[in-house]
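Chain by chain, the residues run as shown.
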Amino acid sequence: MDGKVTGITKFGAFVALPGNRSGLVHISEIAYSYVNDVHDLLSEGQQVQVKVIGIDDSNRINLSIKQALPPPTRPERRSGPRPGGSGDRPRPEGDRRSPSRRPAAGRGFAPEPAQPRGPASFEDQLKQFMASSDSKLSELHMNEKRGNRRGGRK
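Enquirer: Before we move on, could you go through the overall build of the protein and cite the residues and values that matter?
Expert: Counting its secondary structure elements, the protein contains 1 helix and 6 strands. For the protein, the N- to C-terminal ordering of α and β elements is β-β-β-β-β-β-α. Residues counted as buried form 19% of the 154 residues belonging to the protein. Carbon and sulfur atoms make up 51% of the accessible area of the protein, which amounts to about 12,400 Å² in all.

Right, here's the structure in full:
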């Protein structure tokens, strides 16, 4: 359904709907990508395509712009196992592990690819976070296993 943006707040946008009704598009329902500021994508008076995603107990209408649009296409994933497992993921900038804990060249680990400088996209930041998180979880699990073998506390 079509609507007209009537107001913008830091948490979303109010949209006038047919039948003299209005609803709120929460900032998380504006786009498939991260939205830092609603003003970056919407302006008052703008016509938008919205989908009603809910009506709460107070009869407030919750709307979505992103669900009214087709989802963006994703790059095709390669099938099969990745060579080297998680060891060839680039480390996020600011990795504070000591050099002695980092994989050394010549021990079967690929060298770290050069990271381009400049603002990273949300997807790149998410990939870096996930890689860091996976690494930390693996390290935790290895430390737990080592502790249990030595007769440490469970």
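Structure shown, so let's carry the discussion forward.
Enquirer: Any chance you could break down the pairing of strand E5 (residues 51-55) for me, citing the residues and the numbers?
Expert: Here E5 runs beside strand E6 (residues 61-64); their pairing, made up of 4 bridges, is antiparallel. Note that in E6 the partner of Gly54 across the bridge is Asn62. Joining the antiparallel neighbours E5 and E6 is a turn of 5 residues, in which Asn59 adopts a positive phi near 60 degrees.

Enquirer: Break down a nonpolar patch on the surface for me, with residues and values.
Expert: A cluster of nonpolar side chains, contributed by Tyr34, Phe122, Leu126, Phe129 and Met130, occupies part of the molecular surface with about 540 Å² of accessible area. Looking at Leu126, the relative accessible area reads 41%, which means it is partly exposed.

Enquirer: Let's hear about the nonpolar core: which residues, and what values?
Expert: With 17 residues, the main nonpolar core has Val15, Ile30, Leu42 and Val50 as its most contacted residues. The set of elements that each furnish at least two residues to this core consists of strand E1 (2-9), strand E2 (12-17) and E6. Once residues within four sequence positions are removed from consideration, Val50 is found in contact with Met1, Val15, Leu17, Val25, Leu63, Ser64, Ile65 and Ala68.

Enquirer: For the pattern of salt bridges, give the residues involved together with the corresponding values.
Expert: By the definition in use, this model includes 1 salt bridge. Between Arg60 and Asp56 there is a salt bridge, and its shortest N-O distance comes to 2.8 Å. For Asp56, a relative accessible area of 23% corresponds to the partly exposed category.

Enquirer: An account of the confidence of the model for the protein is requested, with residue identities and associated values reported.
Expert: Mean pLDDT over the protein stands at 78; residues scoring 70 or higher make up 66%. Scored below 50 in pLDDT, residues 105-109 shows 3 contacts in the model against residues more than four places distant or in partner chains.

Enquirer: Account for the sheet that holds E2, naming residues and giving values.
Expert: Read from one edge to the other, the open sheet built from 6 strands follows the order E4-E1-E2-E3-E6-E5, with strand pairing classed as mixed. The open sheet has two edge strands, strand E4 (47-49) and E5, and neither has a second partner. Strand-to-strand twist across the sheet, computed as the mean angle between neighbouring axes with direction ignored, equals 45 degrees. The pairing of strand E3 (residues 21-26) with E6 spans 3 bridges and is classified as parallel. Residue pairing across strands places Leu24 opposite Asn62, the latter belonging to E6.

Enquirer: Explain the pairing of E2 residue by residue, including any values.
Expert: Where E1 and E2 come together, 5 bridges link them in antiparallel fashion. Each residue of the ladder has a partner; that of Val5, found in E2, is Val15. The antiparallel pairing of E1 with E2 creates a hairpin that spans 2 residues between the two strands. Pairing analysis gives 6 bridges linking E2 to E3, with the strands arranged antiparallel. When the sheet's bridge partners are listed, Gly12 is paired in E3 with His26. Between E2 and E3, which pair antiparallel and follow one another directly, the connecting turn spans 3 residues, one of which, Gly19, has a positive phi of 80 degrees.

Cut-offs used in this document
The written sequence of each chain sets the order in which its residues are numbered from 1. At least 70 in pLDDT is required for a residue's local features to be given in this predicted model, at least 80 for side-chain atom pairs to be given and counted, and no such filter applies to totals for whole chains, interfaces and linings, which use all residues. Where side-chain values are given, they derive from all heavy atoms of the structure, hydrogens and water being excluded. Numbering of helices and strands starts at the N terminus; helices are DSSP runs of H or I of at least 4 residues and strands are runs of E of at least 2. Burial status follows relative accessibility: with a 1.4 Å probe on protein chains alone, a residue under 20% of its type maximum counts as buried, one over 50% as exposed, and anything between as partly exposed. Using the Shrake-Rupley algorithm and a 1.4 Å probe, accessible areas are obtained, with residue cover drawn only from the displayed protein chains. Think of it this way: DSSP has to see at least two bridges between two strands before they count as a pair. Patch rule: a residue counts if its relative accessible area is over 30% and it has no salt bridge; like charges are joined within 9 Å, and nonpolar side chains (Val, Leu, Ile, Met, Phe, Trp, Tyr) within 5 Å. Should a side-chain nitrogen of Lys or Arg be within 4 Å of a carboxyl oxygen of Asp or Glu, the pair is scored as a salt bridge. Here, the term nonpolar core denotes a set of buried Ala, Val, Leu, Ile, Met, Phe, Trp, Tyr and Cys residues that are joined through side-chain atoms within 4.5 Å. Note on contacts: a residue pair is in contact if any heavy atoms of the two residues lie within 4.5 Å. By definition, pLDDT measures how confident the predictor is in each residue, and it falls between 0 and 100. Only the stretch in contact is used when fitting a helix axis, every axis being a line fitted to C-alpha atoms; angles between N-to-C directions are given from 0 to 180 degrees.

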